[in-house]
Amino acid sequence: MNAQSLENVLAGLPIPHFRYFDTIGSTNDEALRWVAEGAEDGCLVVADQQTQGRGRFQRRWVTRPGCALAFSLILHPIKEEMNHIGFFSPLGALAISQALEDALGLAPQIKWPNDVLLDRQKAAGILVEAAWLGEVLQGVVIGIGVNIAPEAVPPADELLFPATSVEEAAKRTVDRETLLRSILQALFAWRSQISSESFHQAWEQRLAFQNEWVRIEEAGGEPITGQVVGIDTQGSLIIKNATGKTVAVAVGDVHLRLME
Ligand code: BTN
């Protein structure tokens, strides 16, 4: 991967400029800096390796060279999208899923709200960050990390949830740049439908652990256990507890764990 090959791969996509780095701290940090400098909608940061990659909940996200995708897309939400700002994370998950289905014939699932699973193991993660200046939104950064080759998967003792790679699931080698293009293509296509019922349906159809028992842990709150039922139109996870009562869990500082 290099700037020239990316130039070719990204041709024709609505990406006005991109920045490529062999090594960087975090593509999200670079994208947030670029937002502050006035980056346009669709600007993209791509890196082969990250040394300070960040995940959700202040976790580390390791990106080793040559075996993963790590990129951050800058968006300036239009008015209609502002009402669905919480859907930018599932937008990333849906785009990755669509690309893995279409390009590789895989059957990814989305662990609510936005981890992409292959064979029930995590293959990709999304970290969406918004840059605000007072009450004015300067831009949204959708950071995406995908384990492409098996070497991208951290050792099991460093994982909170089992992980895999696209190549392990596909049982063949996968071209990173071609997949990057497919993900971005799918992301722009789903973006235009972010407020539609078809977006909600597409997300829910891929929902992992349907009918299975999960535990939802919320910072400072009592854990909730129940069976996964679906996703409501607000993007909350609907679960049914042991007494048959349905509870909606809003996206936020919550962890979803599969029960043994
Ligand atoms: C998670 O599952 O916790 C989210 C992981 C997000 C990782 C990506 S890699 C590209 C971008 N840059 C970062 O520092 N993080 C995101």
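In short, a report on the structure. (Residues numbered from 1 in each chain as written. Predicted model: local features only at pLDDT ≥ 70, side-chain atom pairs only at ≥ 80, totals over all residues. Heavy atoms only, no water.)

## Some details on the packing of aromatic side chains
Throughout the structure, instances matching the rule amount to four aromatic pairs. When the ring of F87 is compared with that of F199, the centres are 5.7 Å apart and the planes differ by 10 degrees; the resulting orientation is stacked. Placement of the pair is F87 in the loop between α3 (79–82) and α4 (88–104) and F199 in helix α7 (residues 197–205), with a sequence separation of 112 residues. Under the relative-accessibility criterion, F87 is labelled buried at 7%. (Phe/Tyr/Trp six-rings, centres within 6.5 Å; stacked < 30°, edge-to-face > 60°. Helix = DSSP H or I, 4+ residues; strand = E, 2+ residues; numbered from the N terminus. Buried < 20%, exposed > 50% of the residue type's maximum accessible area, 1.4 Å probe, protein only.)

## Quick word on the site of the ligand
Close contacts around the ligand come from 19 residues, with S26, Q50, R54, R56 and K122 the closest. In the environment of the ligand, a nitrogen atom lies 2.6 Å from a nitrogen or oxygen atom belonging to the backbone of R54. K122 has a polar side-chain atom sitting 2.5 Å from an oxygen atom of the ligand. Residue assignment for the shell around the ligand shows that the elements contributing at least two residues are α2 (27–36), β3 (68–75), β6 (121–133) and β7 (136–147). When its residues are assigned to classes, the shell around the ligand shows five nonpolar, ten polar and four charged. (Near = heavy atom within 4 Å. Polar contact = N/O pair within 3.5 Å; in protein donor to acceptor, adjacent residues only side chain to side chain. Nonpolar A, V, L, I, M, F, W, Y, C, P; charged D, E, K, R; others polar.)

## Focus on the nonpolar core
If you look at the biggest cluster of nonpolar residues, it comprises 65 residues, and the most contacted ones within it are I183 and L184. Among the elements that line this core, the one with the most residues is α4, at nine residues. Setting aside chain neighbours within four positions, we find L184 in contact with L10, L13, I15, L44, F71 and L73. By size, the runner-up hydrophobic cluster in this structure holds nine residues, among which are W34, V35, V45 and I74. (Core = buried A, V, L, I, M, F, W, Y, C linked by side-chain atoms within 4.5 Å. Contact = heavy atoms within 4.5 Å.)

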